[in-house]
Structures are given as structure tokens and as C-alpha cells.
Number of protein chains: 8
Amino acid sequence: MTLAFVMVNTVPDQMERVLEEIKEIERVEEAYMLYGVYDIVAVVKAETTEELKGLILRIRTVKHVLSTLTLMAIS
Amino acid sequence: MTLAFVMVNTVPDQMERVLEEIKEIERVEEAYMLYGVYDIVAVVKAETTEELKGLILRIRTVKHVLSTLTLMAIS
Amino acid sequence: MTLAFVMVNTVPDQMERVLEEIKEIERVEEAYMLYGVYDIVAVVKAETTEELKGLILRIRTVKHVLSTLTLMAIS
Amino acid sequence: MTLAFVMVNTVPDQMERVLEEIKEIERVEEAYMLYGVYDIVAVVKAETTEELKGLILRIRTVKHVLSTLTLMAIS
Amino acid sequence: MTLAFVMVNTVPDQMERVLEEIKEIERVEEAYMLYGVYDIVAVVKAETTEELKGLILRIRTVKHVLSTLTLMAIS
Amino acid sequence: MTLAFVMVNTVPDQMERVLEEIKEIERVEEAYMLYGVYDIVAVVKAETTEELKGLILRIRTVKHVLSTLTLMAIS
Amino acid sequence: MTLAFVMVNTVPDQMERVLEEIKEIERVEEAYMLYGVYDIVAVVKAETTEELKGLILRIRTVKHVLSTLTLMAIS
Amino acid sequence: MTLAFVMVNTVPDQMERVLEEIKEIERVEEAYMLYGVYDIVAVVKAETTEELKGLILRIRTVKHVLSTLTLMAIS
């Protein structure tokens, strides 16, 4: 099981819309808007690194996402 | 009362226009163009964190804003 | 209720010891070592911003912590 | 008149002590602890750039200051 | 012989396409998608700094590349 | 006399064109493309901070400039 | 098989010594000093994520290492 | 001929002393204290990359230097 925190930056005025769409993605456990360096954090859980890769690529296709930074937990 | 410093980056040649619009927003106490890592700092004061959230989302809708970084004061 | 992600950097060879001590702190829900820019993430929940402040100051006193970055969720 | 925001990082468990000492420095208008990338912001006002230089060098001598980043306002 | 690691950021949903195109460029020894701060790393080898310059300018013309950061090895 | 180093990032494949245009700006003493975090450095000299402000705003209007970071020398 | 690029920063005048020690670590394929943001890059290959964790913790115990940033390749 | 800008960070209260020592180093053309992200910039010129390496390693041995970032000009 791989746990990761995906930090997302978005087009400034689309933060809420992006959050809603990210929350709908399977394997996204939780997601929040943040004050600070990143606009959104998505907590994701994947069975395999293959699945994690798919998840991240999926988040990156959400409209108005500008960049992502994945922080994988060391299990 | 929550005090926060909202650091703003803008489309390069729209810095002055963005500053003018940010200054008009209610609860923005002061705002300045900066030399350095951020283009503009807006000093904002909100009664509640709910209001702060609204303020930041409002600043992010200003045209030509590229990104914001909110530094909240620890009261 | 305030949720925050506290990103921690530590003295390089003390990461595991710091993690253990952070996990013991009340109000720290979860904490993990990370690959990447930050060494540890601590997920904290506080009733008030006053309590959050105390929590962060507490984490900062853990021996071998070098710096912290608090990402507060916008509720 | 030059206005500047001096962002300060400190030894983790000395943030409050550093804040108190910075607040005592002449020409420091306000200073706050912050959540986020920087530990403290000091708002300083100097008559001349010569004076600003002195102020920044003064803040850098405060014990337990690790680094400073000066954001000068474009007047 | 100059060895360099070119860190690339891309339009979020074009990471795989950019990787494929970078891999085709002569003198690019290896290239990988990354978790973390950069989206892609390209390991390049150039005979001269003149050639390295050409290589980097070439990578920067790949469609959907947003930015590059070149880390040159000290030989 | 104020000396400043203006670090510029550009649209990836327009680095050379931006460099040529920046070099033409009065008060820009020198300008170079860089390997590394910034794409271009422009060394500028201004008589007054008023003039420096004008210079930076001028550089920011150059087409394909994405962002600037001004590092002012402490004289 | 997991491939990762471990970016290392060191005590300024100990860069060469750290490089030599890192090169001796098993599973470190290559390591170089760098110009730029990081002082050293170590290219590591691990059979399992368990082994990768061990490798990174091992690199972090090298004397004079100040911080590490692990960029894992998406396989 | 290789031109490089070496950005230096120092122990906070030793910035002036470090500047004086860096200015004495051969091949350092100019050096200034900076407001902003870096404390000092040293402009260096080397005949060969071998010489540049020596120069950077020399700057890194100056007492109270915390870190360096070398930005090499693309000639």
C-alpha cells in the first residue's frame, strides 16, 4: 500500500472547481484547499506504484491544474 | 481578528493594474509592489477565518493574478 | 476545528527519531516520513487557532527538527 | 522613505524569543510570527537605503536568526 | 565531455508526450518521469559546452515544456 | 547609484529573443543566458530607485518574459 | 526495480569528501558534484521500496550531509 | 572563458566579513551584498571549467559560508 500527498497548484480562480473534481477521483481519500505554498493537497492511497502513477497522471489531467508535487510516504 | 500577508505574482506587465484592483478590495489594509520573489504583498485583516477565505478567493479572481501565497500571522 | 499539515525537516540522520517523538504529541493524528522536499509530514487537528499555535510550537521544540512549514486547510 | 518586509527564519524553538527581540529594534514598525514558509515577518521603515542596510544587518545579529529575506516595497 | 541533468516541467497532462519526444533527441542518454518537484529528468552528454547549449535550447523547444533547470556535473 | 541583478524566466523557446531585447534596454549594463534556476540575468544600473522601478517594469513588458526576480545590491 | 535521483546538500567545504563516501555505498550507481541548487546527485537503484528506504537513510548518515531530496523515477 | 554568478548564503551576522574575504579571491571580478534570497553575489571569470571548479570550491571554504548556488552563463 502506498500513501502519497499530492500538492496541487491551480489557475487562481479555479481552486474550488479543481478541488471538487479531485475529490471525485477514486483512491483520493481526502482533499483540502490550503493556505500557503500549495493550493490543494490530495491524500491518495494506491495498492501498487503502477496504480499510484495512474492516479497522479489522472489528477494532472484535471482542468485548470497548473502543477503537481507528489510527496510519497516512506512505508 | 486574523491578519495575513498575501504574496501575489502577476502576469509580468500587469503588476500595476493588479495592484490597483487589489487595493480596492475591502479588508485589504495595504498593498505594495515588491522587488524580489513576489510581485505584490497585500496586508489583509479578517474577522473570521471564513472571511479570510473569502478574501483570498477574491484576490485570486483578480485578472492577471498568476498565484498567491498566504502567510497568516500567529496571533 | 482546524486541520493542518506540518511539513518538517530534520537533521539528516535523526529522521526516524523525530518521527517517533512527533507521533507521541497529542493532537497529531498521523505522521509519516516522506521522499522529497520535506522529511516528515504531521497531520494535526486543533479545536482553536490558539491550540494550533501551541501544537506547532511544540513540534518545533522536538530535538533535531531543523524547520517546519505549516499548511493550514481552508475549512 | 523605504518600506520593507523582512522575512526571518529562526532556530525552531526560539521563534518567540527572536520575535520579542526584533520588536525592540528601532524602525521595526510591526513584527509577527507566521504560519508558513517564514517564521517571522518584520515590517520596517527606513529614511534612507543606508538606514535600511543598518536595520537588516541589525536583525541578522539577533541570536537564533538563521536567515533573512528582504522584500523591499517599490515606492 | 560534459554531463548534465536537465530537470523539466511540463503542461500537467502532457508529461508522457514530452518524455517521448525528449528521448528521441540525440545526446539524451536517458530520460525519466519523476515523482516530485520536477516532472522529467533528462540525462545528457555533450562533447563541448557549445553542444550542451544546443541540447538545452533543443529541449526547450519541445512542445508543452514549461521550464527547464540544468544541473551540470562538475567534472 | 543602484546596482541590481534582475533574474528573468522566459517562455522556454524564446530565451534568445528575450535576451536580445533586454540587451537593447538602456541602463542594462550586461545580460546573459544562464544554466540553472533562472534563464537570464540582466545587470542594471540606475541613478535613483525611481529609475530602477522604471527599468524593472520595462523588462517585465518584454514579450515572452514569464517572471522576474530583482536582487538589489546593498551599497 | 526502483530508480531514484538523490540530490544532496553538504557542509560547503566537505562536498568532495561526502561524494567519495556516497560513491562507496552499495546500490549507488553513479554520483557527481553539481553546479547549481544541489551539491551532489546520487543515482541509486533498489530492488524494493524497502531497500530504497534503507539506501536513503544510509546516505543521510554520511557525515556533513545537510539535506537530501529524493526524486523517484515513475517506472 | 567561463563567466558565472555564485550566489552565497552566510551565517546571518557574518555577511560583511564573508564579502571581504570573497573579494580577495583571485578571479572574483566583483562581489556584492544583496537584499533578497541570496546574501552575496560573486561574479567570477575562469579560463577553463577546471579553474571554475577550483574557484567554487575555494569560495565554499570561506568561513561562515552556509551554501552556494552557481549560475553559469551560457556563452
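Residues numbered from 1 in each chain as written. Chains lettered and ligands numbered in written order. Predicted model: local features only at pLDDT ≥ 70, side-chain atom pairs only at ≥ 80, totals over all residues. Heavy atoms only, no water.

Another aspect to go through is the interface of chain A and chain C. Opposite the 16 residues of chain A that make contact, chain C presents 16 residues. Together chain A and chain C conceal approximately 1600 Å² of surface at their shared face, both sides included; 79% is due to carbon and sulfur atoms. The largest per-residue losses of area from chain A upon contact with chain C belong to Y35, L71 and I74 of chain A, which jointly make up 37% of the total buried on that side. Across the chain A-chain C interface, the total number found is zero salt bridges. Summed over the shared surface of chain A and chain C, the result is five residue pairs in polar contact (both at pLDDT 80 or more). When grouped by side-chain class, the residues that make up the side of chain A that touches chain C number 16 nonpolar, no polar and no charged. (Contact = heavy atoms within 4.5 Å. Buried area = accessible area lost by both parts, 1.4 Å probe. Salt bridge = Lys/Arg side-chain N within 4 Å of Asp/Glu carboxyl O. Polar contact = N/O pair within 3.5 Å; in protein donor to acceptor, adjacent residues only side chain to side chain. Nonpolar A, V, L, I, M, F, W, Y, C, P; charged D, E, K, R; others polar.)

One frequently used descriptor of interface size is the decrease in accessible area upon assembly of the parts. Taken together, the 11 residues of chain H in the interface contact 14 residues of chain D. Taken as a group, P12, Y35 and G36 of chain H account for 58% of the area that chain H buries against chain D, more than any other trio of residues on that side. Taken together, the links from chain H to chain D amount to one salt bridge. The partner of D39 of chain H in a salt bridge is R60 of chain D, and the shortest N-O contact between them spans 2.9 Å. If you look at where chain H meets chain D, you find two residue pairs in polar contact (both at pLDDT 80 or more).

The next point concerns the environment of A4 of chain B. Within the secondary structure, A4 of chain B is located in strand β1 (residues 2–10). Leave out the neighbours within four places in its chain, and A4 of chain B touches A42, V43, V44, L52, T70, L71, M72 and A73 of chain B. (Helix = DSSP H or I, 4+ residues; strand = E, 2+ residues; numbered from the N terminus.)

What follows covers the pairing of strand β2 (residues 28–33) of chain E. Looking at chain direction, β2 of chain E and strand β3 (residues 40–46) of chain E are connected through five bridges and run antiparallel. Note on β3 of chain E: the bridge partner recorded for E30 of chain E is V43 of chain E. (Pairing = 2+ DSSP bridges.)

Glancing now at the relation of the copies chain A and chain C. Rotating chain A by 180° and translating it 0.0 Å along the rotation axis places it on chain C, where the RMSD comes to 0.0 Å. Those values place the two copies in the arrangement expected of a two-fold rotation axis. No C-alpha of chain A approaches the rotation axis more nearly than that of F5 of chain A, which lies at 5.1 Å. Here 100% of the contact residues of chain A are again contact residues in chain C; the copies associate through an equivalent surface. (Least-squares fit on C-alpha atoms with pLDDT ≥ 70 in both.)

Once that is clear, we can look at helix α1 (residues 15–23) of chain H. Along α1 of chain H, the residues classified as buried are M15, V18, L19 and I22 of chain H. With its buried residues spanning 105° around the axis, α1 of chain H presents them on a single face. On the buried face of α1 of chain H, the contacting elements are α2 (49–60) of chain D together with β1 (2–10), β2 (28–33), β3 (40–46), α2 (49–60) and β4 (65–72) of chain H. (Buried < 20%, exposed > 50% of the residue type's maximum accessible area, 1.4 Å probe, protein only. Arc of directions from axis to C-beta.)

It is worth spelling out the sheet that holds strand β2 (residues 28–33) of chain G at this point. Residues and elements named next belong to chain G. Pairing is antiparallel in the open sheet, where four strands are placed in the order β2-β3-β1-β4. Among the strands making up the open sheet, the edge pair consists of β2 and β4 (65–72). Direction aside, neighbouring strands of the sheet carry axes that sit 20° apart on average. Sheet topology places strand β1 (residues 2–10) next to strand β3 (residues 40–46); seven bridges connect them, and they run antiparallel. Considered in β3, the bridge of L3 is made with K45. Helix-sheet contacts for helix α1 (residues 15–23) involve β1, β2, β3 and β4, and the interaxial angle to β2 is about 170°. On the sheet, helix α2 (residues 49–60) packs against β1, β2, β3 and β4 and is oriented at approximately 150° with respect to β3. (Axes fitted to C-alpha atoms, helices over the stretch in contact; angles between N-to-C directions.)

Residues and elements named next belong to chain H. Most of β1 is tucked away, with nine of its nine residues classed as buried. Side-chain alternation along β1 places T2, A4, V6, V8 and T10 on one buried face and L3, F5, M7 and N9 on a second face that is also buried. In the sheet, β1 pairs with β4 via seven bridges, with the strands oriented antiparallel. Along β4, the bridge assignment pairs N9 with S67.

The next point concerns the arrangement of the chains. One thing to see here is that chain B and chain G don't touch, and their nearest C-alpha atoms sit 17 Å from each other. With no contact between them, chain C and chain H keep their nearest C-alpha atoms 14 Å apart.

The next thing to look at is the sheet that holds strand β1 (residues 2–10) of chain D. Residue and element names in this part refer to chain D. Pairing within the open sheet is antiparallel, and its four strands lie in the order β2-β3-β1-β4. Of all strands in the sheet, those bounded by a partner on one side alone are β2 (28–33) and β4 (65–72). The average angle at which neighbouring strand axes cross in this sheet is 20°, direction not considered. With respect to the sheet, helix α1 (residues 15–23) is in contact with β1, β2, β3 (40–46) and β4, its orientation differing from that of β2 by roughly 170°.

Of the transformation placing chain H onto chain D, the axial shift is 0.0 Å and the rotation is 90°, giving an RMSD of 0.0 Å. Overall, the copies show the geometry of a four-fold rotation axis. The rotation axis passes nearest to the C-alpha of L66 of chain H in chain H, at a distance of 7.2 Å.

This part takes up the packing of aromatic side chains. Using the criterion set out here, one finds 12 aromatic pairs over all chains in the structure. For the ring pair F5 of chain A and F5 of chain C, a centre distance of 6.2 Å and an interplane angle of 75° mean the geometry is edge-to-face. Of this pair, F5 of chain A sits in strand β1 (residues 2–10) while F5 of chain C sits in strand β1 (residues 2–10), on two different chains. Both residues of the pair, F5 of chain A and F5 of chain C, belong to the buried class. Centroid distance Y32 of chain A to F5 of chain C: 6.0 Å. Interplanar angle 50°. Geometry classified as tilted. Here Y32 of chain A is found in strand β2 (residues 28–33), whereas its partner F5 of chain C is found in strand β1 on a different chain. Owing to a relative accessible area of 23%, Y32 of chain A belongs among the partly exposed residues under this scheme. Residue classification places F5 of chain C among the buried positions, given a relative accessible area of 3%. These aromatic residues form a ring-pair network of at least three members: F5 and Y32 of chain A together with F5 and Y32 of chain C. (Phe/Tyr/Trp six-rings, centres within 6.5 Å; stacked < 30°, edge-to-face > 60°.)

Here we take up the environment of P12 of chain B. Tracing the backbone shows P12 of chain B in the loop between β1 and α1 (15–24). Along the sequence, P12 of chain B and L66 of chain B sit 54 residues apart, while their C-alpha atoms lie 9.5 Å from each other. With residues near it in sequence (within four places) discarded, P12 of chain B still touches R60, V65, L66 and S67 of chain F.

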